[in-house]
Amino acid sequence: MTTGAAGQHTLQVEEPFATSLRRGLPLVWATGSGDDLTATLGWGEAFRATARGLDRFGTLDDAFTRWAARQGPDANPVAFATLTFAHDSLDESVLIVPELVGRWAGGVLTVASQVAEPVGARLPRPSVPGEFEELELLPGTLTRQRYRQAVAAAVGRIADGEVEKVVIARDLLATSPDPLDVPALLARLQEANTASWTFHVDGLVGSSPEMLVATTGDRVRSQVLAGSAPVTGDVGLDDVTATRLAASAKDHAEHAYAARSVAERLETVATVSTRDPQVKRLRRIMHLATDITGTLHGPHSALALAGIVHPSAAVCGTPTDVAFRVIAELEGFDRGRYAGPVGWVDAHGDGEFVIALRCGQVTADGTAIRLFAGGGIVAGSVPSDELAETARKFLPMYEALSPVDRP
């Protein structure tokens, strides 16, 4: 163990990333692969804040700012946060500052603490992996048929001029007789989804490919994903699919709503530049992607910016207020933190928040996880095609949860 600046104690351990994940049940933020894999992990709780309602972003941001100010001028604590999609959700939005923060990179876990007690005595020992067993997969609120009906209803409302785009999601429940091995789930998610951000915050687990907002100093960036097509692994076939996606009027229309919604909101606080859409390929699916960058006009934390941008049309629709109401009517369930922002922020305001996609919420007893997936519905959407799209979006979580390829 060494002592760093301002009395900070650090411990370095050479170990695989999967081993670091098995040290208790850490908060997790990870991305990349091989030598480029980097992660931030947190253990314990030095501070927790919760919020509900329209001002949940501001409530959590203010609570963290006040707490961080009491830690002294040399401290720069990091908070993990997960916020609900809807302001009227029964679930809480949560911000957690861990007692111990670890950085994993290059095969080394570096853990820092301001507490005089040796870091090694407070860092949990790695647990032994459990047996990788098949889970029971149950329909959620919307069965396949009910999802098709919801999409058809959304298309009808679009044709009637009530809404231009609306995102309809469905849920599944994976259950086990024993508590889920969340560290193993996180390790498999990260290994298979290296171009995404793998996260675990207060039982919300997933690997999202969509960066909602990230800040460093006065710089802000976002990457909007909307419009999709399958990835098969056959390079030639996927090249043809990518060309078709890039030329698809329907997918470009869906994507334009999402990109415009983020850019217009960021323009209220920053000078913004937007690139033309490109095709982004992931392991199981490809998307149209638009990169948005900008310079902030004044100080705004990453959490505050997430509140400005959320909900984007990528997960809600256009117009936002109408789409929000249609979602509640056609889905018929509380999304909780699915499709809400999840990420981290430090006391300087720097941070990263993705949209909570390709994810699930672990139940309180730890023996089940509720999975979510959705699709953007616009004029011309076909219910069976949209159902297939949600099935593809379930795959990252399903494959990380199951030792078999398909149910």
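Preceding this section is the structure that the text describes.
What you see is a predicted model; the values in this text were computed from it and never measured.

Quick notes on the rules
Residues numbered from 1 in each chain as written. Predicted model: local features only at pLDDT ≥ 70, side-chain atom pairs only at ≥ 80, totals over all residues. Heavy atoms only, no water. Salt bridge = Lys/Arg side-chain N within 4 Å of Asp/Glu carboxyl O. Helix = DSSP H or I, 4+ residues; strand = E, 2+ residues; numbered from the N terminus. Buried < 20%, exposed > 50% of the residue type's maximum accessible area, 1.4 Å probe, protein only. Expected span 1.5 Å × (residues − 1). Arc of directions from axis to C-beta. Contact = heavy atoms within 4.5 Å. Phe/Tyr/Trp six-rings, centres within 6.5 Å; stacked < 30°, edge-to-face > 60°. Lys NZ or Arg CZ within 6 Å of the ring centre and 35° of its normal. Polar contact = N/O pair within 3.5 Å; in protein donor to acceptor, adjacent residues only side chain to side chain. Axes fitted to C-alpha atoms, helices over the stretch in contact; angles between N-to-C directions. Parallel < 35°, antiparallel > 145°, perpendicular 65-115°, else oblique. Left-handed = near helix turned anticlockwise from the far one by under 90°. Nonpolar A, V, L, I, M, F, W, Y, C, P; charged D, E, K, R; others polar. Pairing = 2+ DSSP bridges.

1. Some points on the pattern of salt bridges
On inspection of all chains with the given rule, the structure shows 21 salt bridges. Note that Asp181 is salt-bridged to Arg22, the shortest N-O span being 3.1 Å. Here Asp181, found in the loop between strand E11 (165-175) and helix H5 (182-192), pairs with Arg22, found in the loop between helix H1 (17-21) and strand E3 (27-31); they are 159 residues apart in sequence, far enough to count as distant. What makes Arg22 buried here is its relative accessible area of 9%. Among the ionic pairs, Lys393 bridges to Glu389, the shortest N-O distance being 2.6 Å. Separated by four residues within a single helix, Lys393 and Glu389 lie in helix H10 (residues 383-401), roughly one turn from each other. In this structure, Lys393 and Glu389 share a single accessibility class: buried. In the salt-bridge network here, residues are joined through shared partners; they are Glu45, Arg48, Asp202 and Arg337.

2. Describing helix H2 (residues 56-69)
For H2, which comprises 14 residues, the first-to-last C-alpha distance of 20 Å matches the rise-based estimate of 20 Å (1.5 Å per residue) to within 8%. Looking only at H2, the buried set comprises Arg56, Phe57, Leu60, Asp61, Ala63, Phe64, Trp67 and Ala68. Down the axis of H2, the buried set is contained in an arc of 165°. They therefore lie on one face. Away from its buried face by more than 90 degrees, H2 exposes Arg66 and Ala69. Those residues of H2 hidden inside the fold are in contact with strand E5 (47-51), strand E6 (78-82), strand E7 (93-97), helix H8 (302-309) and strand E20 (341-346).

3. Considering the packing of aromatic side chains
Under the defined criterion, the tally for this structure stands at five aromatic pairs. For the ring pair Tyr338 and Phe372, a centre distance of 5.0 Å and an interplane angle of 10° mean the geometry is stacked. Note that Tyr338 is positioned in the loop between helix H9 (320-331) and E20 and Phe372 in strand E23 (residues 368-377), a separation of 34 residues in sequence. Overall, Phe372 belongs to the buried group, its relative accessible area being 4%. Within the aromatic cluster, the residues linked to one another by ring pairs are Phe333, Tyr338 and Phe372. A cation over a ring is seen here: Arg188 above Phe132, with NZ or CZ 3.6 Å from the ring centre. Sitting above the plane of the Phe85 ring, Arg335 keeps its charged end 4.3 Å from the centroid.

4. Quick look at H8
Within the span of H8, buried status applies to Ala302, Leu303, Leu305, Ala306 and Val309. Buried residues of H8 fall within an arc of 160° about the axis and therefore sit on the same side.

5. Points about the environment of Ser261
Topologically, Ser261 is positioned in helix H7 (residues 249-266). By relative accessible area, which is 10% here, Ser261 ends up buried. A sequence separation of 36 residues divides Ser261 from Leu225, and the C-alpha atoms of the two residues are 12 Å apart. Leaving out residues up to four positions away in the same chain, Ser261 has contacts with Ser312 and Ala313. A polar side-chain atom of Ser261 sits 3.0 Å from the main-chain amide nitrogen of Ala313.

6. Describing the packing of H5 against H10
The contact between H5 and H10 brings their axes to 8 Å, and the two run at 130°. Considered as vectors, H5 and H10 are oriented oblique to each other. Viewed along their axes, H5 and H10 form a crossing whose handedness is right-handed. Residue-level contacts link Leu185, Arg188 and Leu189 of H5 to Pro396, Met397, Ala400 and Leu401 of H10. Tallied by class, the residues present in the contact of H5 with H10 amount to six nonpolar, no polar and one charged.

7. Points about the pairing of strand E17 (residues 278-281)
Working note: regular strand, side chains alternate between the two faces of the sheet. Note that E17 and strand E18 (residues 285-296) share four bridges and pair antiparallel. Looking at the pairing, Arg281 lines up with Met286 of E18.

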